[in-house]
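Overview (structure and organization)
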Amino acid sequence: MYIPSLLPLAGALLNRTLQSGLKDNVLEKVRANMWDSSSKSWEMGVMAEALTEYEWASLSVFSDTAFPPPAALNSSVNASDVLEVVHTVLAAKSADTITLFADESAGDPASMGCAVLLANWTRGDKSDTSYSTAASDQLSYLLNDAPRTDEGAISHRADQVQLWSDSVYMVPPFLAYYGALQGGDDGAQLLQMAYDQIRLHRDALADDGLWRHVTLGDWEDDTHWATGNGWAAAGMMRVLQTLNRTEQATDFSDQQAHLVTWIRETLSAVWEHQSSNGTLYNVIDDNTSFADTASTALLASVTYRMAAFDGNTGLNSKANRALSLIEASIDDDGWLLGTVDPYTFTSRTTGETHSPEAQAFVLLLHSAWRDYAAQLKTTS
Ligand SMILES: *[C@@H]1O[C@H](CO)[C@@H](O)[C@H](O)[C@H]1NC(C)=O
Ligand SMILES: *[C@@H]1O[C@H](CO)[C@@H](O)[C@H](O)[C@H]1NC(C)=O
Ligand SMILES: *[C@@H]1O[C@H](CO)[C@@H](O)[C@H](O)[C@H]1NC(C)=O
Ligand SMILES: *[C@@H]1O[C@H](CO)[C@@H](O)[C@H](O)[C@H]1NC(C)=O
Ligand SMILES: *[C@@H]1O[C@H](CO)[C@@H](O)[C@H](O)[C@H]1NC(C)=O
Ligand SMILES: *[C@@H]1O[C@H](CO)[C@@H](O)[C@H](O)[C@H]1NC(C)=O
């Protein structure tokens, strides 16, 4: 049996200290607020992923049962709310757009792609090709229509070439999941493409571990925006975990090794700037910006995922402190306070306004912590 109160003791003995996680009643309010407030393409995408990791963990790439997904869902593993998000998105999609959302962003709509692929794979009516068509159209847009740099990096913007750290969460995890489900040579090409997109984005955006936010195009943001670092690290983590669980994993061992290095270099650079109360700053290496809980939650989630992946626990104390700060920053109504305003990047939410994506980051953090704690329990 899983007894959370014994974990700190087991952890201390093994020098792998772990604290208790967020409470279920808090998480349910966090989830409800995420559900009610999310509407933009990438918010729907990260919500679908957060629901999968939080509630249907056996279907997520962080589970060893990820591939292949079940051909049919049942009453205990039914992914009901993930499918509801997919249905909402597909119902709103007009027949003349091939992306999952009509959007100014070339990258953000793909964030819903994994959920659509899961809906296809597990659908009850095997003659229904609507999910498969929606996913393959979205892929076709990325492969054939989205603007690219000369090196081949897929733009985050539809009207011009502009690279964002955020895109690493929106596009490569979809390419990788698509490739993992297809298998064979076509699948291998997509797995490689997921890796290459990360490599090209890193070449353009990363400075010694910290990622700049936006480069190229008609404006740039050269700051090391904390949430952008979170998107990049979390996107790399999903691709790493996807590669690692595919049938073709052994053909991608160099790529996996590079991703491990890149995730670790980012996490190490990020946590060097953690404040004593556990927070990160909105611009990671500028403590005259402001404390930001959103990025703190997302980057802590990746830190637990990496510890679970390779057993290196050197940054766990940072993640533990971040988790405590997040717990203390959720109000009685279930909103995470003290987040960056995700629409300006440069100001804070006020208490009247909230961040939908940050609500999802809390669920990602909890899920990562929970899975790590469960693994620690079985290996100690
Ligand atoms: C429901 O599906 C899950 C995932 O495929 C499986 O592990 C579980 O055994 C199934 N439960 C029942 C009651 O069939
Ligand atoms: C879906 O699963 C949840 C949790 O296991 C359960 O409470 C709910 O009744 C299920 N819904 C259906 C339609 O089976
Ligand atoms: C949809 O699912 C079927 C299996 O039911 C699979 O053959 C097909 O490749 C899937 N489509 C996509 C785009 O993954
Ligand atoms: C998956 O990752 C683990 C941890 O790095 C590694 O030991 C293992 O060999 C990888 N598996 C495959 C099949 O690549
Ligand atoms: C901010 O960073 C500077 C330079 O690293 C350091 O001297 C100062 O103590 C920091 N201030 C706070 C509030 O952390
Ligand atoms: C954490 O510390 C920073 C200053 O380093 C401060 O701005 C922020 O409000 C603190 N957060 C909490 C939740 O106390």
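The sections below set out a description of the structure shown in this document. (Residues numbered from 1 in each chain as written. Chains lettered and ligands numbered in written order. Predicted model: local features only at pLDDT ≥ 70, side-chain atom pairs only at ≥ 80, totals over all residues. Heavy atoms only, no water.)

1. Notes on empty space enclosed by the protein
Applying the stated rule across the entire model yields 2 cavities of 30 Å³ or more. Taken as a whole, the largest cavity holds about 160 Å³ of empty space. The wall of the largest cavity is formed by 15 residues, among which Glu49, Thr52, Cys114, Ala115 and Arg238 lie closest to the centre. Elements that contribute at least two residues to the lining of the largest cavity include exactly helix 3 (41–55), helix 5 (113–122), helix 8 (172–182) and helix 10 (226–245). Per-element tally for the lining of the largest cavity: the top contributor is helix 3, with 4 residues. Counted by class, the lining of the largest cavity contains 8 nonpolar, 5 polar and 2 charged residues. (1 Å grid on protein atoms, 1.4 Å probe; cavity = no way out; pocket = protein on both sides within 12 Å on 5 of 7 lines; lining within 4 Å. Points joined across faces, edges and corners; volume = space filled by probe spheres on them. Helix = DSSP H or I, 4+ residues; strand = E, 2+ residues; numbered from the N terminus. Nonpolar A, V, L, I, M, F, W, Y, C, P; charged D, E, K, R; others polar.)

2. Concerning unusual backbone geometry
The peptide bond linking Phe67 to Pro68 adopts the cis configuration, its omega dihedral lying at -15 degrees. With respect to the secondary-structure elements, Pro68 resides in the loop between helix 3 and helix 4 (80–92). For Leu216, which is not glycine, the phi torsion reads 70 degrees and is therefore positive. By the secondary structure assignment, Leu216 is in the loop between strand 4 (214–215) and helix 10. The phi dihedral of Phe345 is positive, around 70 degrees, even though this residue is not glycine. Positionally, Phe345 belongs in the loop between helix 13 (316–328) and helix 14 (356–379).

3. Brief notes about the packing of aromatic side chains
Any two aromatic rings considered together are summarised by their centre-to-centre distance and by the angle between their planes. Scanning the model with the defined rule gives 10 aromatic pairs in all. Ring geometry for Trp42 against Tyr343: centres 6.3 Å apart, planes inclined by 65 degrees, an arrangement best described as edge-to-face. Taken together, the positions of Trp42 in helix 3 and Tyr343 in the loop between helix 13 and helix 14 put the pair 301 residues apart, joining distant regions of the chain. Owing to a relative accessible area of 16%, Trp42 belongs among the buried residues under this scheme. With relative accessibility at 42%, the residue Tyr343 sits in the partly exposed group. Relative to Tyr177, the ring of Phe67 lies with its centre 5.6 Å away and its plane at 45 degrees, an arrangement referred to as tilted. Taken together, the positions of Phe67 in the loop between helix 3 and helix 4 and Tyr177 in helix 8 put the pair 110 residues apart, joining distant regions of the chain. (Phe/Tyr/Trp six-rings, centres within 6.5 Å; stacked < 30°, edge-to-face > 60°. Buried < 20%, exposed > 50% of the residue type's maximum accessible area, 1.4 Å probe, protein only.)

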